[in-house]
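# Working through the structure, step by step
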Amino acid sequence: MCEDDEGFLYPAADENTCIECGLCEVVCPVIHVQPDVEKEQRAYLVQHKNEQVLRESTSGGAFTAIARWVLDRGGVVCGAGFSTDFEVVHQWANCYEDLRMFRNSKYVQSRIGNTYKEAKQFLMEGKCVLFSGTPCQLEGLFSFLRKPYENLVTVDVVCHACPSPLVYRKYLEAQKKKIGSEFTNILFRDKYYGYKYSTMSIIGCNDSIEYHEGIDTDIMMRAFFANMSVRPSCYQCAFKKRYRNTDFTIWDCFDVDKFSKELDNDKGVTRILAHSDLANIILKESSSQLKVLEINSNKAVEGVKEMFHSVSMNPKREAFFVDLNLLDAEVCFHKYFPVTLRHRLEKQARLWTARLGLYKYIKKIFKAINGNREIKR
Ligand SMILES: Cc1cc2nc3c(=O)[nH]c(=O)nc-3n(C[C@H](O)[C@H](O)[C@H](O)COP(=O)(O)OP(=O)(O)OC[C@H]3O[C@@H](n4cnc5c(N)ncnc54)[C@H](O)[C@@H]3O)c2cc1C
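Before going into details, it helps to say that this report is about the structure given with it. (Residues numbered from 1 in each chain as written. Predicted model: local features only at pLDDT ≥ 70, side-chain atom pairs only at ≥ 80, totals over all residues. Heavy atoms only, no water.)

So, on to the overall build of the protein chain. What the protein chain contains, in helices and strands, is 14 helices and 13 strands. Here the protein chain holds 377 residues, and the buried ones make up 53% of them. Sequence separation of 24 or more characterises 68% of the internal contacts of the protein chain that already satisfy a separation of 6 or more. Accessible surface, the protein chain: about 18600 Å² in total, of which carbon and sulfur atoms supply 54%. A gap of 6 Å separates the mean positions of the 52 positive and 49 negative side-chain charges of the protein chain. (Helix = DSSP H or I, 4+ residues; strand = E, 2+ residues; numbered from the N terminus. Buried < 20%, exposed > 50% of the residue type's maximum accessible area, 1.4 Å probe, protein only. Contact = heavy atoms within 4.5 Å. Areas by Shrake-Rupley, 256 points an atom, 1.4 Å probe, with all protein chains shown as cover. Lys, Arg positive; Asp, Glu negative; His and termini not counted. Charge placed at Lys NZ, Arg CZ, Asp CG, Glu CD.)

So, in structure tokens, the structure goes:
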């Protein structure tokens, strides 16, 4: 796999050793797109009962409960965590403590490495395997395996799009210069002000929060939601659909008030589509750890545009990546994402309404205004 100028990995075949069997094209999930074929499906809202797990998770901590079910059966779990220098990479956990590294979404394309091969090895040894990731990563796994395994449990997310590892590296470089000390953790979705107004937080030694900014002022998040930093294929994603081959599809539920007053406590809720009998069994058997509410599956997906539609390319994307390779990271980020008075005022408005518990009402307004503004800039 070779990295291009935008920081994304692409396969490169060595023409001297390639035997031209064509298998790579036969199994390619982008060439052979699976249609969105209706099948039985149930939907749930879930909130983990353990306060620490809930605090550390992106949404309601469903993933940790599903992973625990697999570990309880002597299985292994694969998900996106950090390497020692905070690159986002797929890796394995075989104990409860290690599940911590998967909690909290990392809005960067994760490096799959050898995990498909390793998954196959574990499956052939008869181990229960949980594999999680973006829809394209899971379709890649299925294509690689080429046959179903009874001991495989799969989780994909509803995915807005996947940002560039280069943008993230440059962002970390700029943050290191500003903060000066070593990082011990990075939370893309810290619940510092609660679930509905999450922040990008950088944690230093002794668990001190060295930096935390919301989607209004944090550059990494602004570049993500302005659709400036994401992989070119995300603009025509082949995996945007409702009926999937995975057992679970998990995503956020900011509009939880539509479904439940009890779960609307600003601590986070995971919305789940269960695509298989196994998924329903796992949720039932995990009910001692989870608050679970079954909802109508049509209502669950209503208005979830990230599930069905690819994002639109930001017209300044090409210029942004040229500058990213030429300019100092801080200068480049400031050029494309200046923090103006409007951003500062918006941040204050978000902060105060979050503190007063009114944030959910104005979030919809910000979304409508900003969604279009960032893309046009
Ligand atoms: C790139 C990306 C885009 C997303 N876009 C949306 C969106 O537009 N709308 C929405 O509602 N939800 C989106 N999600 C899903 C959401 O952020 C939560 O992952 C989901 O709600 C599950 O939360 P949880 O508390 O149950 O899980 P957590 O305990 O927080 O677990 C996170 C799970 O996500 C996986 N993961 C984390 N980072 C990555 C990564 N870089 N690549 C692959 N897998 C990863 C972990 O392996 C783990 O399985 C996105 C997630 C990712 C990774």
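It is at 11 Å that the axes of helix 6 (residues 165-179) and helix 11 (residues 317-326) come closest, and there the two elements cross at 45°. If you check the angle between helix 6 and helix 11, you find them oblique. As helix 6 packs across helix 11, the resulting crossing turns out to be left-handed. Facing Leu-166, Val-167 and Lys-170 of helix 6, the residues of helix 11 in contact are Phe-320, Phe-321, Leu-324 and Asn-325. Partitioned by chemical class, the residues of the contact of helix 6 with helix 11 number 5 nonpolar, 1 polar and 1 charged. (Axes fitted to C-alpha atoms, helices over the stretch in contact; angles between N-to-C directions. Parallel < 35°, antiparallel > 145°, perpendicular 65-115°, else oblique. Left-handed = near helix turned anticlockwise from the far one by under 90°. Nonpolar A, V, L, I, M, F, W, Y, C, P; charged D, E, K, R; others polar.)

In this section: the side chain of Gln-47. Note on placement: Gln-47 falls in strand 3 (residues 42-48). For Gln-47, a relative accessible area of 1% puts it in the buried group. Among the polar contacts made by the side chain of Gln-47, one reaches the side chain of Asn-265 at a distance of 3.0 Å. Here Gly-268 takes part through its backbone oxygen, which lies 2.8 Å from a polar atom of the side chain of Gln-47. With sequence-adjacent residues up to four places away left out, Gln-47 is seen in contact with Leu-54, Gly-60, Leu-263, Asn-265, Lys-267, Gly-268, Val-269, Gln-289, Leu-290 and Lys-291. (Polar contact = N/O pair within 3.5 Å; in protein donor to acceptor, adjacent residues only side chain to side chain.)

Surveying the vicinity of the ligand reveals 34 residues, the closest of which are Thr-58, Ser-59, Ser-105, Lys-106 and Val-108. Separating an oxygen atom of the ligand from a backbone N or O atom of Asp-252 is a distance of 3.0 Å. Those elements giving two or more residues to the shell around the ligand turn out to be helix 3 (62-72), strand 4 (76-82), strand 5 (88-93), strand 6 (129-133) and strand 11 (248-252). Of all the elements, strand 11 adds the most residues to the shell around the ligand, at 3 residues. Grouping the amino acids of the shell around the ligand by side-chain chemistry returns 13 nonpolar, 16 polar and 5 charged. (Near = heavy atom within 4 Å.)

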